[in-house]
Amino acid sequence: MLITSMLRVFLTRSLKPFVFTGRNENKLKFESLEDLGLYVHIPFCRNVCSFCPYFKEVFDSHKAENYKKALLKEIDIVCRNLKGKKHAASLYFGGGTPALMIDDLEEIIDRLKSYFSIEGGIGIELHPEDIKESTLDKLKNIGISMVSIGIQSFDQKCLQRLGRKNDSFEEKLNLVKSYDFDAVDVDLIFAIPGQTDKTLLKDIKTAFDKGATQVSTFPFIDFTFADNDYKTMPKKNKKRMLKKMLEYCSNISIERTSVWTFAKKGTKRFSSATRDNFLGFGVSAVTLLKDTFKINTFSIDDYIKRVNSSILPSSLTLYFTRRQRAVYYLFWSAYSLKIDIKKFEKIIGESLDKMFGFEIYLAEKLKLLVKCGNFYELTPESSYLYHFIEQAYTREYIIKMWNVSRKEAFPDKIVLR
């Protein structure tokens, strides 16, 4: 808590906390925004995995049908004031397990395409159980061009600790490879209790050998609301594993494209919500606009009721100050290991050097940032520091927000100090 509070005060130049309020407008102002991503949350799973923090419920066909109808209506509500089609950089289906509603995805995509020109591809998260020819055929036919597969690990002991099992993962990745998607991302978890460096590096090698164009390696987090039997590894173990991954990928000519992501050179990169602005549709979805950050309710029933009353299902809204918005931009830019100087000024309305000149100077002196043309790039030292800060941010901010949102459909206020 001390780390996040000190950084907030230092970077925003203010003692004012981040205040999420239940005061929500029934309109989203996004018409003039560029680099706009679209996100759709499908909250249904066959089983609920204890390690996964995202909002989900066990699949129910009747509830899923009502949810789809409400989702289509939310899209209409959000886009009702658009004059002509709006450019969208990408569309991403997350969950949950989106393929459980595979026969509904085309209708959802068509509804979005009636309002948006989607030019950067359509991605979807897949559970390994989704990987079969009938499912992949449908995905290709409706225009899905990128897939992200939640493998987590190929090692049986690691999977057991996560409550999962290896269901012919390597064969299934080979099948996905044969469909020639623009990007195939494989999600792996590192620092799983009991995991060794050797096991982790073997997981990465197997993923790339079997057709992954990108591997996303997320740290195991013991969320307070998750039913985990195992506790997280010490920080020094995570740091060592990050270093081992970086060395290994560098040796096999794999690029590090973000703090936790590694990709083959020249391949299309795959990401969900690392856009400058994005619209989130569905229960628990998040929306980021020029000066607002909004979270939809975590209750499916209340989401459906709100939307059927032609009211946006927003549960909480953060109205950014300029410095708060700038700090948010820097946080997610740092995740991708570089900060675009010109884009910062375009989005925030003030130059990076003017707003954070002292911090940039200090970071360069400490060898945490290096200026390369129109970018400031993170060094290996600062990339680990980012990992450490992100973990603190997750524990102190996200866990608090999600804990409250899981208990209250529409909280009055959440204050993050």
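What counts, and where the lines are drawn
- Residues numbered from 1 in each chain as written.
- Predicted model: local features only at pLDDT ≥ 70, side-chain atom pairs only at ≥ 80, totals over all residues.
- Heavy atoms only, no water.
- Salt bridge = Lys/Arg side-chain N within 4 Å of Asp/Glu carboxyl O.
- Helix = DSSP H or I, 4+ residues; strand = E, 2+ residues; numbered from the N terminus.
- Buried < 20%, exposed > 50% of the residue type's maximum accessible area, 1.4 Å probe, protein only.
- Phe/Tyr/Trp six-rings, centres within 6.5 Å; stacked < 30°, edge-to-face > 60°.
- Lys NZ or Arg CZ within 6 Å of the ring centre and 35° of its normal.
- Expected span 1.5 Å × (residues − 1).
- Contact = heavy atoms within 4.5 Å.
- Core = buried A, V, L, I, M, F, W, Y, C linked by side-chain atoms within 4.5 Å.
- pLDDT = per-residue confidence, 0-100.
- Pairing = 2+ DSSP bridges.
- Axes fitted to C-alpha atoms, helices over the stretch in contact; angles between N-to-C directions.

1. Overview of the pattern of salt bridges
(1) Moving on: What the rule picks out here adds up to 18 salt bridges.
(2) Moving on: Linking Asp-276 and Lys-343 is a salt bridge whose minimum nitrogen-to-oxygen distance equals 3.4 Å. Of this pair, Asp-276 sits in the loop between β13 (261-264) and β14 (277-281) while Lys-343 sits in helix α11 (residues 341-348), and the two are 67 residues apart along the sequence.
(3) Moving on: Notably, a salt bridge pairs Glu-377 with Lys-338, separated by 4.0 Å at the nearest N-O pair. Of this pair, Glu-377 sits in strand β20 (residues 375-378) while Lys-338 sits in strand β18 (residues 338-340), and the two are 39 residues apart along the sequence.
(4) Moving on: For Glu-377, a relative accessible area of 28% puts it in the partly exposed group.
(5) Moving on: Residue classification places Lys-338 among the partly exposed residues on the basis of a relative accessible area of 35%.
(6) Moving on: Look at the salt bridges and you will find they share partners, linking Glu-65, Lys-68, Lys-69, Asp-104 and Glu-107 into a network.

2. Considerations on the packing of aromatic side chains
(1) Moving on: In total, this model carries 19 aromatic pairs according to the counting rule given.
(2) Moving on: Their ring planes at 40° and their centres at 5.4 Å tell us that Tyr-67 and Tyr-303 sit as a pair that is tilted. Highlighted residues: Tyr-67 in helix α2 (residues 61-79) and Tyr-303 in helix α9 (residues 300-308), separated in sequence by 236 residues.
(3) Moving on: Three or more aromatic residues link up through ring pairs in this structure, and these residues are Phe-218, Trp-260, Phe-331, Trp-332, Tyr-335 and Tyr-386.
(4) Moving on: It is Arg-325 that lies over the ring of Phe-320; its NZ or CZ is 5.8 Å from the centre.

3. With respect to helix α7 (residues 197-209)
Since the α-helix packs 3.6 residues into each turn, any two residues three or four apart lie on the same face.
(1) Moving on: Taking 1.5 Å as the rise per residue, α7 with 13 residues should run 18 Å; its terminal C-alpha atoms sit 18 Å apart, in good agreement.
(2) Moving on: All buried positions along α7 are accounted for by Asp-197, Thr-199, Leu-200, Leu-201, Asp-203, Ile-204, Thr-206, Ala-207 and Phe-208.
(3) Moving on: Directly beyond the C-terminal end of α7, a positive phi value near 120° is found at Gly-211.

4. Structural notes on the side chain of Thr-261
(1) Moving on: For Thr-261, the location among the structural elements is in strand β13.
(2) Moving on: What Thr-261 contacts, discounting residues up to four positions off in sequence, is Gln-214, Val-215, Ser-216, Glu-255, Arg-256 and Tyr-335.

5. Comments concerning the nonpolar core
(1) Moving on: Among the nonpolar cores identified, the biggest contains 122 residues, and Phe-20, Phe-30, Phe-93, Phe-116 and Leu-279 are the most heavily contacted of them.
(2) Moving on: In terms of residue count, the dominant contributor to this core is α2 (nine residues).
(3) Moving on: Apart from the residues lying within four places of it in its own chain, the contact partners of Phe-116 are Phe-30, Leu-36, Leu-38, Cys-79, Leu-82, Lys-85, Lys-86, Ala-88 and Leu-279.
(4) Moving on: Among the nonpolar cores identified, the runner-up in size contains six residues, and Tyr-39, Tyr-92, Phe-270 and Ala-285 belong to it.

6. Here's the deal with unusual backbone geometry
(1) Moving on: Looking along the chain, the bond that leaves Gly-95 and enters Gly-96 is cis, with omega of 15°.
(2) Moving on: Summarising the element assignment, Gly-96 is placed in the loop between β6 (90-95) and α3 (102-113).
(3) Moving on: One non-glycine residue, Asp-180, adopts positive backbone phi at about 55°.
(4) Moving on: Tracing the sequence through the fold places Asp-180 in the loop between α6 (169-177) and β10 (183-190).
(5) Moving on: For Ser-310, which is not glycine, the phi torsion reads 60° and is therefore positive.
(6) Moving on: Examined against the element boundaries, Ser-310 turns out to sit in the loop between α9 and β17 (314-319).

7. Thoughts on the confidence of the model for the chain
(1) Moving on: Here the chain averages 90 in pLDDT, while 93% of its residues score no lower than 70.
(2) Moving on: Averaged pLDDT values over the elements of the chain bottom out at 60 in helix α1 (residues 2-12) and peak at 98 in α3.

8. Here's the deal with the sheet that holds β18
(1) Moving on: Pairing within the open sheet is antiparallel, and its three strands lie in the order β18-β20-β19. At either margin of the open sheet sits one strand with a lone partner, and together these are β18 and β19 (369-372). The average undirected angle you get between the axes of adjacent strands in this sheet is 25°.
(2) Moving on: Where β18 lies against β20, three bridges are found, and the strand directions are antiparallel. The residue of β20 that forms the bridge with Lys-338 is Glu-377.
(3) Moving on: Here helix α10 (residues 322-335) sits on the sheet in contact with β18 and β20, set at roughly 130° to β18.

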